[in-house]
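What follows is each chain in one-letter form.
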Amino acid sequence: MGKGFAIGVATSGYQVEGGYNGGGQPANNWEAWERTGRAERSGVACDFWAHPEEALNRAEAIGCTTFRLSVEWARLEPEAGRFDEEALERYVEILEMCASRRLEPMITLHHFTHPRWLGEEFWLRPGSPDLFLRHVQRLLPALAPHCQRWVTVNEPNIVALMGWITGEYPPGRRYAFADAFCVLDNLLVAHVLVSDAIVALQPRAQVACNTSSSSIYEHDRLVTDLLSSRAAGIAPADVDRYIDERRALHDAAFTPQHAGEFALRRVFAALSPYGTNGGAGGGPLWARMRATTRRPIPRRVIDAVYASPQERTVGAVGFDWYDPVASHAVRRPGRRLPDGGRDWSVGRALWDVPADPAGLRAWCRTEAALRPGLPLWVVENGMATRVVGGRRVPRQDGWDRPRYIREHFGALADAVADGTPVTAYLHWSLVDNYEWGSYEPRFGIFGMDRSDPAGGVRWLETDAAGDDAGTAFARAVRALASGDRSALDGPG
């Protein structure tokens, strides 16, 4: 990898810091779900807020050059109008700890959470982007001296999907497609406003808005196309035509493999507030769906993009790679399990998401072709295992984390060798964390022992499955730095 390539791990505040949503603690928009039992208590999480040194020392030891973290709005402004200066000083102290370990921080300004006092439906409100901008402007003078790479809003597509369509995150709404697109619009406006503020203070900063990679155009690549439409030379009046063209390019690059995938894409295209015909080949059924269900929603993001002092409001294309095939997430209920029981859930569990290193390589190449001139950041990539009641549950496909790391690093190396402009790769995650309502999925290079009845936690030397993922990661980092692929080709 070339000089300046950022390689490291990704974390988020609510998932690792600890100390949210309990008595006398900062409360975020997950507080009611924790309090009522709809989500497991986050508790101490990974105890990062009190003891960041353990995490940063381990990140340094396995060869990381970059450490992604978020600054949590609920901690910084726990009550309306009451800003916690000591919390901001603590974040600055953590950034200084990064620097002393030669870890470049990548700061995420919004990672799914906001203060409880703003309400669970905050991002549906018209003024939400402006309130978020005001919050960020208060932070930037303290944070900017320590950071050059920024993520404004983490996975805005997932915020809208999980909160307003599947109902798996607060506010728990289901099939509210029009509201979901309103939420997405507000999040993208927030990105533009915050990107403008960062670049005004720090002209050489790189600013991204990472999406969760998805085969559904409206659920992923639409985001970057809207933010890049002005830089592509598209007039505001032609945005809908442009979106139709870009959707067709996406579908050609990522061909649906079966009818279920095709149907999902057509549904989202029919409901989208962007484009003119619901997607090429949609046919009369999808046209009727579009005519009867499409509701006018604000498209403030277009005004924000064309009013920005920046011609392009993204400095890098950030994406999170797990499994982008949307139809894979829908499973047939009643599946037979290895123990003879049946699984009646419709959605796919995180520990059943397939590993696909070749898919990562292909996605990087396609993104580069779709976004000429922009660097690519793999902002998250990782694999879940499972722990139930302290018992490790092997993945059904037999994959382990060392193999996952080797093969995905190898795919990354292949893409870069082909000239694909990937300039950052961050593994999700350094340590097993609070995975949005549960500690059952385990994504960490290092495991976390949570057996202490008093609620304390202890770092493991292996991952949750007992594998030495840290050594595998360190070897892979050295292989990328040296150009020696041998460490990526097998367990040796």
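Residues numbered from 1 in each chain as written. Predicted model: local features only at pLDDT ≥ 70, side-chain atom pairs only at ≥ 80, totals over all residues. Heavy atoms only, no water.

A. Molecular detail of the overall build of the protein. Regarding its fold elements, the protein presents 16 helices and 16 strands. Its C-alpha radius of gyration of 22 Å places the protein within 12% of the 23 Å reference for a compact globule of 492 residues. Projecting the C-alpha coordinates of the protein onto the three principal axes gives extents of approximately 55 × 55 × 50 Å. A burial count over the protein gives 59% of its 492 residues as buried. Just so you have it, the protein exposes about 19000 Å², and 53% of that area is on carbon and sulfur atoms. The centroid of the 55 positive side-chain charges in the protein is displaced by 4 Å from the centroid of its 61 negative side-chain charges. (Helix = DSSP H or I, 4+ residues; strand = E, 2+ residues; numbered from the N terminus. Rg over C-alpha atoms; globule rule 2.2 N^0.38 Å. Buried < 20%, exposed > 50% of the residue type's maximum accessible area, 1.4 Å probe, protein only. Areas by Shrake-Rupley, 256 points an atom, 1.4 Å probe, with all protein chains shown as cover. Lys, Arg positive; Asp, Glu negative; His and termini not counted. Charge placed at Lys NZ, Arg CZ, Asp CG, Glu CD.)

B. Just the sheet that holds strand 11 (residues 385–388), in detail. Strand order in this open sheet of three strands is 12-11-14, and the pairing throughout is antiparallel. With partners counted over all chains shown, the strands left at the sheet margins are strand 12 (391–393) and strand 14 (441–442), one partner each. With two bridges joining them, strand 11 and strand 14 adopt antiparallel strand pairing. Across the sheet, the residue bridging to T385 is R442, located in strand 14. (Pairing = 2+ DSSP bridges.)

C. Quick look at helix 15 (residues 401–417). The end-to-end C-alpha separation of helix 15 is 24 Å, in line with the 24 Å expected for 17 residues at 1.5 Å each. Within helix 15, twelve of the 17 residues are buried, which leaves it mostly tucked inside the rest of the structure. Among the residues of helix 15, those classed as buried are R401, P402, Y404, I405, R406, H408, F409, G410, A411, L412, A413 and A415. The backbone nitrogen of R403 has a side-chain oxygen 2.8 Å away, supplied by the residue at the start of helix 15, namely D400. Looking one or two places after helix 15, you find G419, whose phi comes out positive at around 95°. (Expected span 1.5 Å × (residues − 1). Polar contact = N/O pair within 3.5 Å; in protein donor to acceptor, adjacent residues only side chain to side chain.)

D. Spatial organisation of unusual backbone geometry. In this chain, P170 is followed by P171 through a cis amide linkage whose omega measures 10°. Looking at where P171 falls in the secondary structure, it is placed in the loop between helix 7 (156–164) and helix 8 (177–201). The step from W428 to S429 runs through a cis peptide bond, and the omega angle for that step is 5°. Tracing the chain through its elements places S429 in the loop between strand 13 (422–427) and strand 14. Non-glycine residue A45 carries a positive phi angle of around 55°. Along the polypeptide, A45 turns up in the loop between helix 2 (31–36) and helix 3 (52–61). Here A45 falls in the buried class, since its relative accessible area comes to 0%. A positive phi angle, close to 60°, is found at D47, a residue other than glycine.

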